[in-house]
Amino acid sequence: RRQKLLHPGKSLYRALLDSVTLSDENVKFQIIHEKNKILLQVEICEIEGNIFRLKIDEASPLRARYKVPDVLIKEPTTKRLFLSQKEAGILTLSSVSADYKLQVTANPFQVELQSKGETVLSMNSNGLLYFEHLQPPPSDRKPTAENEEAASDSSKEKQEDLGFWQEKFGSFLDIKAHGPTSVGMDFSLHGFDHVYGIPQHTEALLLQNTSDGDAYRLYNLDVFGHKIHDKIGIYGSVPLLLAHKPNRTSGIFWLNSSETLVDISTRAVAEHMPFGSAAETAKQRAVPLTDVRWMSESGIIDVFLLMGPTAFDTFKQFAQLTGTQALPPLFSLGYHQCRWNYEDDQDVKAVDAGFDEHDIPYDVIWLDIEHTDGKRYFTWDKKKFPNPRKMQEHLRKKKRKLVVIVDPHIKVDPMYTLYSQAKDKGYFVKDRNGKDYEGICWPGSSCYLDFTNPEVRKWYADQFDFKTYKGSTNILFVWNDMNEPSVFKGAELTMQKDAVHYNNWEHREVHNLYGFYQQMATAEGLIRRSSGKERPFVLTRSFFAGSQKYGAVWTGDNTAEWGYLKISIPMLLTISMAGISFCGADVGGFIGDPEPELLVRWYQAGAYQPFFRGHSNMESKRREPWLFGEKNTQIIREAIRERYVLLPYLYTLFYRAHTAAEPVMRPLWIEFPGKIETFGVENEYMLGNALLVHPVMEKEAKAVSVLLPGSEEIWYDFRKFKRMEDPGTLKIPVTLENIPVFQRGGTVIPLKTTAGKSTEWMMDISYELHVALDIEACATGELYLDDGHSFQYLHKKQFLYRKFTFHKNILSSSCTDESGQYHTTCVVERVVVLGFGQQPTFATACSKDGKVKEVVFTYDMKTCALTLENLALSVDADWEICIN
Ligand code: MIG
């Protein structure tokens, strides 16, 4: 409310160019506010890899302001900037490469960033830089004329209205011990009218103009039964915004963990022409421009400008700062069966057996809060689960895993060791009076562990030790829920902002980081219990920038309605673009009961999404996949089996996400950055670069309209192998059996020849390659492979990274990364070449040792698919298949 009183116009900030200092690390200078005369310190630096960072803090604050720790994986490596030009009132800095120029204008203070002469973005050009400096509370102030005025009645009222020192939220009083601390700034993105990112909202892929409505809010909240198309923040946030135009993608990463609002407005402006150029006098063209205004409740301004220039470059830049996706254990890419709740160990065994009985693969069964002794996490309800180890041994024999829930709230109960230990050690968040903060949650009265404290995180991680966590085994993995944190009867169902954390920071400063820290500690615990050997799996509901390093996220309590299936696509794409590849939505919809058709459609979509879990609410009817009649069971089985067969491709994509920060699930536009028609597409998406998936999201759909982008592309039906007519928008007939999936010409997809009962049952199943030819009759693809569960791929380089190339009728298998080695007896059994021009006369396979053998094949004239069979070619060796 206070910031919004500042309207676009001339900024009152002026840069003091006399104060400029240049060092190897950065450029520093001060800016002054013309009215209050408060000095701010500005720091600009260039970071390796086309990133710029701008920091603004008070020059001499009353006390230190909060600077987000632990999100950047390291202090970024900076490059020296050069003073390239000095004219009155303007400071021009350039990068070593001279590709980038930063122009700092003194009055009003503005910064413009150019790439090779093209203005990409400017800051404070609308004059919305806003910085509330720390002040002593009114009661401590000496009476001066200014303070007197501040203390006068009318202004006191105004201060109350605007929540300077305290604010009411319903019956809650937020006391602001440090007064107003808000910061904000505007950015103009030149030439851009497509912006994305800043999850999590139940919103469209393209960020919308907020001028006549609510701003996008980044404030992690537990909103049960949340609406769709809403800009309120839910569960998690990543303050990263991406902007795209045909020849460039840029990003703004606003590193601030307090409540944040983002206003967006896109408009057309006259083209910005260099002064005195011929074009200036020529007829002016209107070009788009997007203004983005960030406003945060506290902290400092610390912003990273990711200069791309491609979308994949911006993903790498963001990962360079916050880390890449952790490589998931293979089992976690299988299907997960969850429910609130699987009642007891009989229930667990029966559901597990149900999958075998119905011949449906699955990897993990989940236990929700009712498995514990009175919602005391790390314990078991002894009646329902008298022998949890035995139950896990049963699952282990079936080559399956267990995930249990571990929430951050701790039941106030002196007899509960976790509580009494944490209390004695002072590990809980405090209230404003210094007592342990108490809130109500599932167990009743609860305290909240202060995960912002590294000592608490270490202690918490130790709780996962097999000796400490009674009844746990190494097939047990973890789910962190309610970590926004959720506080029943709290303001907006979360913790009060004036609660106090480690080092005396108020909750308002760290709010959006709370879940991030819990997942960090949990993942650390799972790694440590295995003495550093095994990869963890931790699902979290709340997240922040960098959460990808610790595991997976899901979109929380969605509803079993078609609209929620539809919105899950842009929601997952947005989370993926914000660095978190391992994401999913509850299949079927958590709240309510899906009609069977919706459930089937959701399984079909989920099978082609990164995290694939069926889940349902306590009040929902049982929803195991075989409860909806033989026909639906059959279709769901088929969807899940397709997922399992596709796992080699998916695992390879996760390796790319892990090593090269490429999102697994991608909006079309990042694969087709020059095709404007793809920029807003959110009813279909790419899985990697090779598969285009168009879920069916309408009831009783008979056909869907699919956009197959790229005029030079060839697309093939993924199941029937037939080449699609020319690209463009096609009307594709659909039945309930499956959803449209297409393979892009020019790609090779590795698959398993068949599905098994779980990923572990599939270790020895052979591979199949789908080679889809492009217009030049070429294709390439990759396969990544390792033991699927340990860190040996990292520490001992035990992995295989293979490449398949089809060129001039020769398919060859070669090594992509010589440093890796992994032995497997698995073979490539079958190869299908899609779009093969004519019936071949013969084909031979030769391995590196010179052995040549003839290959059996069949050719389908109708689809032009060539199938080579009984190949038995080693996965870990080089070979070639020649087709004549
Ligand atoms: O408010 O643990 O989003 O997946 O089943 C309900 C019970 C608390 C919310 C999670 C949901 C989970 C449920 N939890």
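A quick note: this is a predicted structure, and the numbers were derived from the prediction, not measured. (Residues numbered from 1 in each chain as written. Predicted model: local features only at pLDDT ≥ 70, side-chain atom pairs only at ≥ 80, totals over all residues. Heavy atoms only, no water.)

Applying the stated criterion across every chain, the model contains 51 aromatic pairs. Plain terms: the ring middles of Phe451 and Tyr460 are 4.8 Å apart, the flat faces sit at 80 degrees to each other, and that makes the pair edge-to-face. Residue classification places Phe451 among the buried residues on the basis of a relative accessible area of 0%. The class for Tyr460 is buried, based on a relative accessible area of 0%. (Phe/Tyr/Trp six-rings, centres within 6.5 Å; stacked < 30°, edge-to-face > 60°. Buried < 20%, exposed > 50% of the residue type's maximum accessible area, 1.4 Å probe, protein only.)

Let us now look at helix H5 (residues 345–357). Helix length check: H5 (13 residues) gives 18 Å between terminal C-alpha atoms against 18 Å at 1.5 Å per residue, within 8%. Within H5, the full set of buried residues consists of Asp345, Asp347, Val348, Val351, Asp352, Gly354 and Phe355. In this fold, the buried residues of H5 make contact with strand S22 (335–337), strand S23 (364–367) and helix H6 (388–397). Asp359 sits one or two residues past H5 and shows a positive phi near 55 degrees. (Helix = DSSP H or I, 4+ residues; strand = E, 2+ residues; numbered from the N terminus. Expected span 1.5 Å × (residues − 1). Contact = heavy atoms within 4.5 Å.)

By size, the foremost hydrophobic cluster in this structure holds 179 residues, and its most contacted members are Phe253, Leu449, Phe537 and Tyr608. Residues within four places of Tyr608 in sequence aside, it is in contact with Glu642, Arg643, Leu646, Tyr685, Leu687, Leu691, Val693, Phe718, Arg719, Ile739 and Val741. Judged by nonpolar contacts, the second largest core, of 49 residues, contains Phe29, Ile198, Leu218 and Trp294. (Core = buried A, V, L, I, M, F, W, Y, C linked by side-chain atoms within 4.5 Å.)

Following the sequence through the fold, Tyr335 ends up in strand S22. Tyr335 sits in the buried class, given a relative accessible area of 0%. When the C-alpha positions of Tyr335 and Glu737 are compared, they lie 19 Å apart, and in sequence the two are 402 residues distant. When residues no more than four places from it in sequence are discounted, the contact partners of Tyr335 are Phe355, Pro361, Tyr362, Asp363, Val364, Tyr603, Phe612, Arg613, Gly614, Ile640 and Tyr644.

With that out of the way, let us pick up the sheet that holds strand S24 (residues 401–405). Reading across from one edge, S31-S30-S29-S28-S24-S23-S22-S32 is the order of the eight strands in this open sheet, with parallel pairing throughout. Both outer strands of the open sheet, strand S31 (583–584) and strand S32 (612–614), are each paired with one neighbouring strand and no more. (Pairing = 2+ DSSP bridges.)

Feature annotation in UniProt assigns "domain: Glycoside hydrolase family 31 TIM barrel" (unreviewed entry) to the following positions: residues 326–653. The span residues 326–653 carries 34% helix and 12% strand; its end-to-end C-alpha distance comes to 12 Å. (UniProt positions renumbered as here; feature names shortened; annotations may be inferred.)

Time to look at the site of the ligand. The local shell around the ligand holds 13 residues, among which Asp368, Asp481, Arg541, Asp557 and His615 are the closest. Within the contact set of the ligand, a nitrogen atom lies 2.7 Å away from a side-chain nitrogen or oxygen of Asp481. Taking Asp557, its side chain carries an N or O atom lying 2.4 Å from an oxygen atom of the ligand. Surface burial for the ligand is 97%, taken as the share of its 350 Å² of free accessible area covered by protein chains. (Near = heavy atom within 4 Å. Polar contact = N/O pair within 3.5 Å; in protein donor to acceptor, adjacent residues only side chain to side chain. Areas by Shrake-Rupley, 256 points an atom, 1.4 Å probe, with all protein chains shown as cover.)

Another aspect to go through is the domain arrangement of the chain. Split into domains, the chain comes out as domain 1 (2–133 + 179–274 + 285–322) and domain 2 (331–408 + 453–483 + 505–656). Placing the centre of domain 1 and that of domain 2 at their C-alpha centroids yields a distance of 36 Å. Listed per partner, the contact involves 48 residues of domain 1 and 40 residues of domain 2. Counting the surface lost from both domain 1 and domain 2, the interface buries some 3500 Å², and carbon and sulfur atoms represent 61% of this. Together, Tyr66, Tyr235 and Ser257 form the three largest contributors to the area buried by domain 1 at its contact with domain 2, with a combined 17%. (Domains from an automatic or database assignment. Buried area = accessible area lost by both parts, 1.4 Å probe.)

To continue, consider the side chain of His615. Residue placement: His615 occurs in the loop between S32 and helix H13 (629–645). Judged by its relative accessible area of 3%, His615 falls in the buried class. Ignoring sequence-local partners within four residues, the contact set of His615 consists of Cys338, Arg339, Trp340, Asp368, Trp479, Asp586, Val587, Gly589, Phe590 and Arg623.

A few words now on the sheet that holds strand S39 (residues 741–744). Overall, antiparallel pairing links the five strands, which are arranged S33-S34-S35-S39-S37 in an open sheet. Looking at which strands have only one partner, the edges of the open sheet turn out to be strand S33 (665–666) and strand S37 (715–717). In this structure, S33 lies alongside strand S34 (residues 685–687), joined through two bridges in antiparallel fashion. When the bridges of S34 are listed, Arg666 appears paired with Met686.

So, about unusual backbone geometry. Residue Pro199 is joined to Gln200 through a cis peptide bond whose omega torsion reads 15 degrees. Along the polypeptide, Gln200 turns up in the loop between strand S15 (194–197) and strand S16 (216–218). In this structure, Pro309 follows Gly308 across a cis peptide bond, with omega equal to 10 degrees. Among the structural elements, Pro309 can be located in the loop between strand S21 (301–306) and helix H4 (311–322). For Lys375, which is not a glycine, the phi torsion comes out positive at approximately 60 degrees. For Lys375, the location among the structural elements is in the loop between S23 and H6. Here Lys375 falls in the buried class, since its relative accessible area comes to 17%. You will see that Lys808, though not glycine, has its phi angle at about 45 degrees, which is positive. Classification of Lys808 as exposed rests on a relative accessible area of 69%.

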